[in-house]
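So you can see what is in the structure, the chains are spelled out below.
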Amino acid sequence: MSAQTFLDGRVTLHLGDVRTVLAGMEENSVDCVVTSPPYWGLRDYGVEGQIGLESTLAEHLSVMVGVFDLVRRVLKPEGTCWVNYGDCYATHPNGRSAADTKAAGKDDRSFRDKPFSTIGGALKAKDLCMVPNRLAIALQEAGWWVRSEIIWAKPNPMPESVYDRPATSHEKVFLLTKSSRYFYDLGAVRQGAGASSERRWQQNIDGQAGSSRAHSGSKPNGNMKAVGGTSARKVRASDVAAPRHIGHVNHTGIEAVPRGSRNLRNYEPAPLSVWPVATRSFREAHFATFPPELAERCVLAGSPKNGLVLDPFGGAGTTGLVAARHGRKAALIELNPEYAAIARRRIEADWKIGDRSASSAFAGPLFSLGAAE
């Protein structure tokens, strides 16, 4: 096991088994974890001690719970943990490896080509394994708070030659916490308000007919009217609320949200919990990179400036790259020496010549989407 520190100490890259490295890290030292663990039964990285090739799903979940027990030890009480994990279908190997798929130019995180059979126990051939949710439930039972289930919607998923189900075009991200109170910078990921809200806020409040949809049309003090905005007379939400709330502090905190904006939703836009982010191809050997835009939201919302962001499965270094862009320190753990070298080259190249200002201004596909009401 060894460690390299670069970018003037901003990034530390640990080469070794994640369990050994985590056991040696200082307790309560990490502000935020952003990671994408090896998916079960997906690929053989060719490194002794790798996680993901357990013979059964139950064994894999047990290993993962053990890893995240160690993660929880190093995470601060107010820390957040964001875990990206994709699902798979129970199947026999079809004779083609994930590396062959990568070589063919199809860089996607949800390969269907398994190094061994994932059929067994309750899992029948063609069953959706439900691994992300099983993992989240197992971590919840181990003591973690599961605070949000987010959908990473892929506008450009890899095509699937299936004829009896919808094609898969998403993965999940779970927000986990060590305690019920934790750091969350909602302002850093605030979204622009929709045009319909802007129009309502420009209206004369007293002249509005209002909406009858609230409380199924039985709101005791009349229809729901638009509040705030730039109208001549600003109206507080608590002034037009139900009688028992009038004049009181609004418990939702809506009055603290600046007009012209809204909080980040776990679905963008509703009714589903979706973050639309295109997949990103990566020319070097590591073929499981998740896009920087995905990690960016997690880092911005889940860690303070100058905080320490950890990725226990460092891979191609996306978490470290994003953390450095946004004034955080990063610690990466990677078992494979080849991937560790790729991560360092990628982060150093981005720091020297990358356009870091673009992401900090919320440019790009993750933040440029219009808000839906």
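Residues numbered from 1 in each chain as written. Predicted model: local features only at pLDDT ≥ 70, side-chain atom pairs only at ≥ 80, totals over all residues. Heavy atoms only, no water.

Side note on the pairing of strand S1 (residues 2-6)
Here's step 1: Where S1 lies against strand S2 (residues 11-15), five bridges are found, and the strand directions are antiparallel. Bridge pairing in S2 places Thr5 opposite Thr12.
Here's step 2: In textbook terms, the turn of a hairpin is the stretch between consecutive antiparallel strands, and for S1 and S2 this stretch comprises four residues, one of which, Leu7, has a positive phi near 55°. (Pairing = 2+ DSSP bridges. Helix = DSSP H or I, 4+ residues; strand = E, 2+ residues; numbered from the N terminus.)

Regarding the nonpolar core
Here's step 1: Leu22, Met25, Phe68, Val71, Cys81, Trp144 and Leu310 are the most contacted members of the largest nonpolar core, which has 39 residues in total.
Here's step 2: Elements supplying a minimum of two residues to this core: helix H1 (18-24), strand S3 (30-35), helix H2 (57-74), strand S4 (75-85), helix H4 (131-141), strand S6 (170-177) and strand S11 (329-334).
Here's step 3: Setting aside residues up to four positions removed in sequence, Leu310 forms contacts with Leu22, Met25, Val30, Cys32, Val33, Val34, Val74, Ala331 and Ile333. (Core = buried A, V, L, I, M, F, W, Y, C linked by side-chain atoms within 4.5 Å. Buried < 20%, exposed > 50% of the residue type's maximum accessible area, 1.4 Å probe, protein only. Contact = heavy atoms within 4.5 Å.)

Regarding the state of the cysteines
Here's step 1: Applying the stated criterion to the full structure yields zero disulfides.
Here's step 2: Cys88 forms no disulfide, and the closest cysteine sulfur to it belongs to Cys129, at a distance of 3.8 Å.
Here's step 3: Exposure remark for Cys88: the relative accessible area of 8% places this residue in the buried category. (Disulfide = S-S within 2.5 Å.)

Quick look at the pattern of salt bridges
Here's step 1: Tallied over the full model, the rule gives nine salt bridges.
Here's step 2: Close ionic contact of Asp8 with Arg10 constitutes a salt bridge, the shortest N to O distance being 3.9 Å.
Here's step 3: Residue Asp8 is classed as exposed on the basis of its relative accessible area, which comes to 75%.
Here's step 4: Look at Arg10 and you get partly exposed, because its relative accessible area is 23%. (Salt bridge = Lys/Arg side-chain N within 4 Å of Asp/Glu carboxyl O.)

A few points about H2
Here's step 1: Between its terminal C-alpha atoms H2 stretches 26 Å, which fits the 26 Å expected from 18 residues at 1.5 Å a residue.
Here's step 2: Residues of H2 that are buried: Leu57, His60, Leu61, Val63, Met64, Val65, Val67, Phe68, Val71, Arg72 and Val74.
Here's step 3: In the core, the buried residues of H2 are packed alongside H1, S3, S4, H4 and strand S10 (308-311). (Expected span 1.5 Å × (residues − 1).)

Topic: the side chain of His14
Here's step 1: Mapped onto the elements, His14 comes out in strand S2.
Here's step 2: If we skip the residues at most four places from it in the chain, His14 touches Ser2, Ala3, Val21, Leu332, Ile333 and Glu334.

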